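Residues per chain are reported as follows:
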Amino acid sequence: MPEFKSTAYQNLNDFIYAQAKYPVALKNGMVIGGGTLYPEVNFTLPTMMIDEGTMPEVIRNYKEIITGICERARDLYSSGFVAEIETLPPMTFEPKWGIEVCKTVVDIAKEYADKYGVKSAVRITPNDIREGSDLTHMWRGRHWDAMLETFEGCAKTGADFLAVESVGGKEVHDEAIMYCDIAKSAFALSVLGCPDMSKLWTEIVSIADKTGVVAAGDTACGFANTAMVLADRNYVPKVFAAAVRVMSAVRSLVAIECGAKGPHKDCGYEGVYVKAITGTPIAMEGRTSACAHLSPVGNIAGCVADLWSNESIQNIKLLGGMAPTVSYEQLEYDCRLMNTASKRGKDTALLMRDLLADSDSALDPQAYVLRPDVVLEISKEIVKEDGYYNRTKKAASLALAKIKSAHENGELKLEGKELMWLDKLSEDVDALPADVQTLTEQMLPQCEKLDPSKYDMN
């Protein structure tokens with residue numbers, strides 16, 4: 001059952017970037033959410049095969065990436081940064097490969113810290129491989145075991161933060177997005193996703209406690225970001241994607257309920273709701289993530305961020321240098337500007353926050369539901385509900401109501417087809433069953449790709 005019954009923030013002026021009620025302090029002096037906004041640079045390989053024969057080239061790439069970033073951090077007098085490694089599927093199926101990659105990055109980062117005082121931390125995000133026809137169960141079997149082995153091995157080799165983009169319920173939610181089915185979305189996120197989060201994050205927190213590292217956070221990337229990207233391509237309505245974003249916060253919140261401390265992961269834009277409710281620091285991505293995907297939230301995503309990320313970028317050559325180094329520089333300059341605003345005093349920092357919000361929020365409902373004032377208002381109502389389904393249902397209702405009110409007040413631009421979908425989705429939410437048992441009974445026959453036995457549902 002949900003643990004948080006009130007929001008961590010009551011005053012909107014306390015809800016701001018680089019300031020978390022419960023910051024995360026590292027041994028090297030970096031404090032995430034303690035007053036300084038740090039860049040978090042995420043990187044991946046160029047297109048290539050990953051197998052035993054190519055592992056030397058894989059390691060060479062990661063050495064080149066982290067060395068280039070550390071060199072640039074030194075040149076720019078960085079106060080610190082976070083390097084995130086999202087393992088590719090073969091690196092989780094073969095944990096030794098993911099662990100070797102993590103050790104490579106950690107060792108070079110430590111070398112630059114020792115020699116030049118370049119502070120950094122490493123977030124490891126093992127790929128959630130629990131998909132495919134050969135998956136026997138979500139919480140046991142070779143997929144599950146390989147993930148946990150990767151987490152523990154990377155923790156032991158020096159990773160500072162453990163994170164994941166978990167996929168429990170995604171096979172159902174993909175169908176929900178395809179048909180803009182709000183009931184199926186609520187079922188996937190609350191009935192399937194939340195229990196999966198509880199199982200997975202109980203194990204991750206246990207590994208973190210055992211190894212002395214930080215269990216950081218999850219993300220609804222496979223759910224809400226999928227909807228966002230499809231909305232950007234005009235495949236699904238923006239108002240649907242906006243509602244899913246707020247609904248997904250209930251699922252992502254479970255990681256904190258299980259003991260995760262933050263920072264919540266970058267591609268989880270719903271992290272703003274997680275921060276509002278829990279006070280934990282969050283990573284966010286906006287305009288600097290365009291290298292990975294386009295979005296309508298390039299500025300507003302920074303309003304309450306404690307880490308500022310680029311999402312992910314391949315190690316390819318650009319005119320300015322290797323792409324991860326270039327991306328890191330962009331992040332560093334963004335953070336430098338926002339930290340300078342903070343140093344001018346709280347009024348200036350709040351002005352910066354509000355400019356970031358106002359520059360996006362009137363143009364897209366997905367941006368509007370990320371406004372700090374809207375986030376705090378919705379969060380205060382979500383926590384009044386008992387049970388994951390009730391909270392998810394309330395999140396959908398509040399998101400759609402706020403969007404409708406904003407349009408009527410002239411605060412938000414919506415096209416005609418979006419207004420039609422707004423009315424339909426509002427009716428669909430009003431028609432949702434009153435209890436989770438009825439929802440489950442209705443949904444199970446409709447979910448063709450769901451095997452309930454993999455979730456211990458029969």
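Report on the accompanying structure.

The rules behind each value
- Residues numbered from 1 in each chain as written.
- Predicted model: local features only at pLDDT ≥ 70, side-chain atom pairs only at ≥ 80, totals over all residues.
- Heavy atoms only, no water.
- Phe/Tyr/Trp six-rings, centres within 6.5 Å; stacked < 30°, edge-to-face > 60°.
- Buried < 20%, exposed > 50% of the residue type's maximum accessible area, 1.4 Å probe, protein only.
- Helix = DSSP H or I, 4+ residues; strand = E, 2+ residues; numbered from the N terminus.
- Lys NZ or Arg CZ within 6 Å of the ring centre and 35° of its normal.
- Salt bridge = Lys/Arg side-chain N within 4 Å of Asp/Glu carboxyl O.
- Contact = heavy atoms within 4.5 Å.

Summed over all chains, the structure comprises 5 aromatic pairs. Taking the centre distance of 5.2 Å and the plane angle of 45 degrees together, the rings of tyrosine 9 and phenylalanine 15 count as tilted. The pair formed by tyrosine 9 and phenylalanine 15 is uniform in burial state, with each residue classed as buried. Each ring, one from phenylalanine 81 and one from tyrosine 328, has its centre 5.5 Å from the other, and the planes form 65 degrees; the classification is edge-to-face. Here phenylalanine 81, found in strand 4 (residues 81-86), pairs with tyrosine 328, found in helix 10 (residues 323-343); they are 247 residues apart in sequence, far enough to count as distant. Across the pair, tyrosine 328 and phenylalanine 81 agree in class, each one buried. Directly above the aromatic system of tyrosine 116 lies the positively charged group of arginine 74, at a separation of 3.8 Å from the ring centroid. Here the guanidinium or amino end of lysine 199 rests over the ring plane of tryptophan 139, the centre of that ring lying 5.2 Å away.

Inspection of every chain in the model, using the stated rule, returns 34 salt bridges. Close ionic contact of arginine 60 with glutamate 64 constitutes a salt bridge, the shortest N to O distance being 3.7 Å. In this pair, arginine 60 and glutamate 64 are both assigned in helix 1 (residues 55-75), 4 residues apart and thus about one turn of the helix distant. Classification of arginine 60 as partly exposed rests on a relative accessible area of 38%. With a closest N to O distance of 3.8 Å, arginine 140 and aspartate 456 form a salt bridge. Here arginine 140 is found in the loop between strand 5 (120-125) and helix 4 (142-156), whereas its partner aspartate 456 is found in the segment after helix 16 (436-443), with 316 residues between them in sequence. Note on aspartate 456: relative accessible area 43%, which makes it partly exposed. Taken together, the salt bridges that share partners define one network made up of Glu84, Glu86, Glu165, Lys265 and Asp266.

Here we take up the environment of serine 79. Inspection of the secondary structure assignment puts serine 79 in the loop between helix 1 and strand 4. When near neighbours in sequence (up to four residues on either side) are disregarded, serine 79 contacts Thr36, Tyr38 and Lys119.

Another aspect to go through is unusual backbone geometry. Here the amide bond leading from glycine 262 into proline 263 is cis, since omega sits at 5 degrees, within 30 degrees of zero. Residue position: proline 263 is located in the loop between helix 8 (238-257) and helix 9 (271-278). Positive phi values are uncommon outside glycine, yet cysteine 180 reaches one of about 50 degrees. One can find cysteine 180 in the loop between helix 5 (170-179) and helix 6 (182-211). On the accessibility criterion, cysteine 180 (5% relative accessible area) is buried. One non-glycine residue, aspartate 456, lies in the positive phi region at around 60 degrees.

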